[in-house]
Each structure stands twice: as structure tokens, then as C-alpha cells.
Amino acid sequence: MSLEDKINEIPSTVKNTPGLGKSMAKWAALGAVVAIPLPFTMPLGAVAGATYAYFKGKKKTPGI
């Protein structure tokens, strides 16, 4: 599976997994808040938080 296929799979996974989008938003906000002392890293904190929630949610969902 190519990287492009994996990237295209993410929106359908988020839509088909109840609560995953909400969890990703919560963790992205937390990551951004933690990164506030270094303003240029805030987007990286948000991406890291959302990525953490995505993989955490994907582990809990069997068959994905």
C-alpha cells in the first residue's frame, strides 16, 4: 500500500469510527496548548495530538 493510499484512507476511517473525530480534535487542541510557550511549534503540537488520537483510535477498532 502506497503512502497516497494510506493518506486517502484517513477520512473514511474517521467517518466510520464513532468518536474518533472528536478525540482527534481534543488531542489536537491539547497539543496546541502544550506548545504555546514556543509559538512556531503550535501547529506541530496540534498535528502530533491529532496523530496520537488517530492511531490510538485505530488500535481500538478491530478490522481497520
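An account of the accompanying structure is given in this report. (Residues numbered from 1 in each chain as written. Predicted model: local features only at pLDDT ≥ 70, side-chain atom pairs only at ≥ 80, totals over all residues. Heavy atoms only, no water.)

## Looking at the environment of Met24
For Met24, the location among the structural elements is in helix 2 (residues 20-34). C-alpha of Met24 to C-alpha of Ala46: the two residues are 22 residues apart in sequence and 9.3 Å apart in space. Once residues within four sequence positions are removed from consideration, Met24 is found in contact with Val14, Ala50, Ala53 and Tyr54. (Helix = DSSP H or I, 4+ residues; strand = E, 2+ residues; numbered from the N terminus. Contact = heavy atoms within 4.5 Å.)

## Quick notes on the nonpolar core
With six residues, the main nonpolar core is built from Leu20, Met24, Ala28, Ala50, Ala53 and Tyr54. The contacts of Tyr54, once residues within four sequence positions are left out, are Glu9, Ile10, Thr13, Val14, Leu20 and Met24. (Core = buried A, V, L, I, M, F, W, Y, C linked by side-chain atoms within 4.5 Å. Buried < 20%, exposed > 50% of the residue type's maximum accessible area, 1.4 Å probe, protein only.)

## Topic: the environment of Met1
Looking at where Met1 falls in the secondary structure, it is placed in the segment before helix 1 (3-16). Take Met1: its relative accessible area is 69%, and that puts it in the exposed class. Beyond its immediate chain neighbours, meaning those up to four positions away, Met1 contacts Lys6 and Glu9.

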